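# Reading the structure
The lines below spell out each chain.
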Amino acid sequence: MRVLKALCWIVGLLLASALTVVAAWHSQLQHLGTHGVIALYFVLAAALAIPARFLSLAGAYLAELLLVGWARSSLRMLWKPSASMRMDMVTVVMQLLLPQRHIGYALSFGLLYLIDVGTRHLDQLSMTRLLPTWSLQVLCVIVFQSCLRYWMHRIEHAIPALWALHKFHHSAESLSLLTSTRATELARGIEIGLVFAPAALLTNATVPLPSMHSPWFAIAVVYFVYNTFFAVNGYFVHSNLSTDYGWIGRWLLVSPRMHRLHHAKSASYHDKNFTFDLVLWDRLFGTYAACPPGTDPMTIPLGLEDNPFNFHDGLGGALREYFFKTYRVFWQELRKGLRAWLPRPPQALPGSPST
Ligand SMILES: [Zn+2]
Ligand SMILES: [Zn+2]
């Protein structure tokens, strides 16, 4: 019986990982598939003709369930959802099921539309082609874009109006796989906008992938493993896994524990662990924080001290918070910031004639 259970576990985990990888790396695998390397991909893609993100989310749910068990799983949290969880569900529905591109254009006040139009002409700006080999190109792009995302995230915490938008992501009082999508379309537009111009300086590789017979093919394999890891890890850093991945998580790649601390209510963790992928940036710029020895990371309270969200009852209230309250909070913070920034009119001196 124990052998059967272990076998089910292994098969389930392999299947979940395969689904996640296939969904997340749709375009890249297709590229390899045209060279006849991964014929199996076409069979899977044809059999599982479901939107890629939905499939990858389902795979991540299954993998988390197998790793942490039912009692701690994100799947169980869907059963009797808390107010925080209902907000996560609204955001994921917005992204997965609705024709989000056009709704996103409206909800970001046209910002996402401008970015979409702008990206069509960005290739001319890119300096990637100046780098001689495919390996050098992908390495520089990975490091450069990772650094940009670190600073984008740090700026979101430092500027009050941007924090007013980003705090919606931090308003989750419990983490589940859906929290990874918890953001408004306006926040998404501004996040892309912040890295838009600098990211255009180094875009995707322009040199073709090395062939299987090239000595550089090993680097291509490392690159795909790296990207696959992050496709899965994007969900797992908001999961109920408590692992820190050992020395890899402490020095190389962001772990679920590291990002959980970033979501902690406590001020000592709040402006820490900004990275989305490489730990290098937090180490380099002094924002790395680890869980003190003997502390269970799963017991650290999450969310915000002054949380304006998760006060609703039922789905109607969750929709009101998503569509109205997020914008109201942003507007209030923006006004407060502008008032502090604009010069004040001179005060009339006591005894001076009034007009
Ligand atoms: Zn943050
Ligand atoms: Zn997060």
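Residues numbered from 1 in each chain as written. Chains lettered and ligands numbered in written order. Predicted model: local features only at pLDDT ≥ 70, side-chain atom pairs only at ≥ 80, totals over all residues. Heavy atoms only, no water.

## A word on the packing of helix 6 (residues 83-96) against helix 17 (residues 314-341)
- Interaxial distance between helix 6 and helix 17 falls to 9 Å at its minimum, and their mutual angle equals 65°. By the angle between their directions, the pair helix 6 and helix 17 is classed as roughly perpendicular. The handedness of the crossing between helix 6 and helix 17 is right-handed. Across from Arg86, Met87, Val90, Thr91 and Met94 in helix 6, the residues of helix 17 making contact are Gly314, Leu315, Ala318, Leu319, Glu321, Tyr322 and Phe323.
- Across the contact of helix 6 with helix 17, the residue classes tally to eight nonpolar, two polar and two charged. (Axes fitted to C-alpha atoms, helices over the stretch in contact; angles between N-to-C directions. Helix = DSSP H or I, 4+ residues; strand = E, 2+ residues; numbered from the N terminus. Parallel < 35°, antiparallel > 145°, perpendicular 65-115°, else oblique. Left-handed = near helix turned anticlockwise from the far one by under 90°. Contact = heavy atoms within 4.5 Å. Nonpolar A, V, L, I, M, F, W, Y, C, P; charged D, E, K, R; others polar.)

## Quick word on unusual backbone geometry
- The phi angle at Tyr245 is positive, at roughly 60°, despite the residue not being glycine.
- Locating Tyr245 in the fold gives a position in the loop between helix 12 (217-236) and helix 13 (247-251).
- Residue class for Tyr245 comes out partly exposed when judged on its relative accessible area of 24%.
- The backbone of Asn310 shows a phi angle near 70°, a positive value even though the residue is not glycine.
- Residue placement: Asn310 occurs in the loop between helix 16 (280-284) and helix 17.
- The buried category is assigned to Asn310, whose relative accessible area is 9%. (Buried < 20%, exposed > 50% of the residue type's maximum accessible area, 1.4 Å probe, protein only.)

## Observations concerning the nonpolar core
- Counting residues in each nonpolar core, the largest one holds 18 residues, and the members touching the most others are Leu165, Leu186, Tyr322 and Phe330.
- Elements with a minimum of two residues in this core: helix 6, helix 10 (160-170), helix 11 (185-199) and helix 17.
- In this structure, Tyr61, Val92, Leu177 and Val232 belong to the second largest nonpolar core, which totals 15 residues. (Core = buried A, V, L, I, M, F, W, Y, C linked by side-chain atoms within 4.5 Å.)

## Topic: the side chain of Thr326
- In this fold, Thr326 is placed in helix 17.
- Taking the relative accessible area as the measure of exposure, Thr326 reaches 3% and is therefore buried.
- With residues near it in sequence (within four places) discarded, Thr326 still touches Phe168, Thr184, Phe309 and Glu321.

## Side note on the coordination of the zinc ion (ligand 1)
- Protein coordination at the zinc ion (ligand 1): the donors are His153 (NE2), His157 (NE2), His166 (NE2), His170 (NE2) and His262 (NE2), at 2.1 to 2.2 Å from the metal.
- Site description for the zinc ion (ligand 1): donor spacing in sequence, H-x3-H-x8-H-x3-H-x91-H. With a gap of 17 residues between them, His153 in helix 9 (residues 134-158) and His170 in helix 10 connect regions that are remote in the sequence.
- In this structure His153 comes out as buried when scored by relative accessible area, which is 1%. (Donors = N, O, S within 2.8 Å, 3.2 Å for Na, K, Ca; no water.)

## Focus on helix 6
- Here helix 6 is 14 residues long and its end C-alpha atoms lie 20 Å apart, about the 20 Å a rise of 1.5 Å per residue gives.
- Across the 14 residues of helix 6, 12 count as buried, placing the element largely inside the fold.
- Looking only at helix 6, the buried set comprises Ala83, Ser84, Met85, Arg86, Met87, Asp88, Val90, Thr91, Val92, Met94, Gln95 and Leu96. (Expected span 1.5 Å × (residues − 1).)

## A closer look at the packing of helix 10 against helix 17
- In the contact formed by helix 10 and helix 17, the axes pass within 8 Å of each other and the chain directions differ by 160°. Classed by the angle they form, the pair helix 10 and helix 17 counts as roughly antiparallel. In the crossing of helix 10 with helix 17, the sense of the turn from one axis to the other is right-handed. Of the residues in helix 17, those in contact with Pro160, Ala161, Ala164, Leu165, Lys167 and Phe168 of helix 10 are Tyr322, Thr326, Val329, Phe330, Glu333 and Leu334.
- The class makeup of the residues in the contact of helix 10 with helix 17 is nine nonpolar, one polar and two charged.

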